[in-house]
Amino acid sequence: MPFDIRTAPNRNPLATISDFLTQLRGFLGRLFEAPKEFGLEYVYDIQTEIMTAFHEETVRSFETTQAQLRDADPEKLYEHGLTGHSLHAKMMGINVISDAVNRHALRAIRYLLSLVNSILGSIASIAGAAGAIKEIKDLFENTTDFATGQ
């Protein structure tokens, strides 16, 4: 399963977001390196460039994002739905769709990436470094297609 995020409405939101970002880093690395395992393939000859960009530049953004979030005003986390029940529901959604990836990768992967995009958008509103993570994910999405041609 790509994600198995520990979550609870009363859990420290920074710990939950940290779990999400750590698992997202591993998931994107696997996805970019071996998209066929997820039923996807690159439609342009760009895999090497995406992998280089991810490892040389984007990986650092995960660390910067976490530092920016630690320094963020707790009210900003609340305003962007990154606390309590709102964060818990988002992470439960990630876990549920992530489980579906194992069973129905071709359909579920697009839903999973869309939900990841939504959460990254909220995080990037508070921690600007997350924008680089979103951009590399978007580049991958826009340069791949289902291996079956769907």
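(A) Spatial organisation of the packing of helix H1 (residues 13-33) against helix H6 (residues 130-142). Running from N to C, H1 and H6 cross one another at 25 degrees; their axes reach a closest spacing of 11 Å. Classed by the angle they form, the pair H1 and H6 counts as roughly parallel. Handedness of the H1/H6 crossing: left-handed. In contact with Leu 24, Leu 28, Leu 31 and Phe 32 of H1, H6 contributes Ile 133, Ile 136, Lys 137 and Phe 140.

(B) Structural detail: the nonpolar core. Counting residues in hydrophobic clusters, the biggest one holds 42 residues, and the most contacted among them are Phe 20, Leu 24, Phe 27, Leu 31, Phe 32 and Ile 123. Those elements that provide at least two residues to this core are H1, strand E1 (40-42), helix H2 (47-70), helix H4 (84-103), helix H5 (105-126) and H6. The leading source of residues in this core is H5, at nine residues. Residues in contact with Phe 27, not counting those within four places in the same chain, are Pro 2, Phe 3, Phe 38, Ile 109, Leu 112 and Leu 113.

(C) Main features of the pattern of salt bridges. If you walk through the whole model with that rule in mind, you get seven salt bridges. Here Asp 19 makes a salt bridge to Arg 6, at a shortest N to O gap of 3.8 Å. Residue Asp 19 is found in helix H1, and its partner Arg 6 is found in the segment before H1; the two are separated by 13 residues along the sequence. With a shortest N-O distance of 2.9 Å, Asp 138 and Lys 134 are connected by a salt bridge. Linking Asp 138 with Lys 134, this pair stays in helix H6, spanning four residues, or about one helical turn. Among the ionic contacts, a cluster of salt bridges with common partners joins Lys 134, Lys 137, Asp 138 and Glu 141.

(D) Structural detail: the environment of Ala 127. You can see Ala 127 is positioned in the loop between H5 and H6. Once the C-alpha coordinates of Ala 127 and Ile 94 are considered, the two residues, 33 residues apart in sequence, prove to be 20 Å apart. Sequence-distant contacts of Ala 127, that is, excluding residues within four places in its chain, are made with Thr 65, Gln 68 and Leu 69.

Calculation criteria
- Residues numbered from 1 in each chain as written.
- Predicted model: local features only at pLDDT ≥ 70, side-chain atom pairs only at ≥ 80, totals over all residues.
- Heavy atoms only, no water.
- Axes fitted to C-alpha atoms, helices over the stretch in contact; angles between N-to-C directions.
- Helix = DSSP H or I, 4+ residues; strand = E, 2+ residues; numbered from the N terminus.
- Parallel < 35°, antiparallel > 145°, perpendicular 65-115°, else oblique.
- Left-handed = near helix turned anticlockwise from the far one by under 90°.
- Contact = heavy atoms within 4.5 Å.
- Core = buried A, V, L, I, M, F, W, Y, C linked by side-chain atoms within 4.5 Å.
- Buried < 20%, exposed > 50% of the residue type's maximum accessible area, 1.4 Å probe, protein only.
- Salt bridge = Lys/Arg side-chain N within 4 Å of Asp/Glu carboxyl O.

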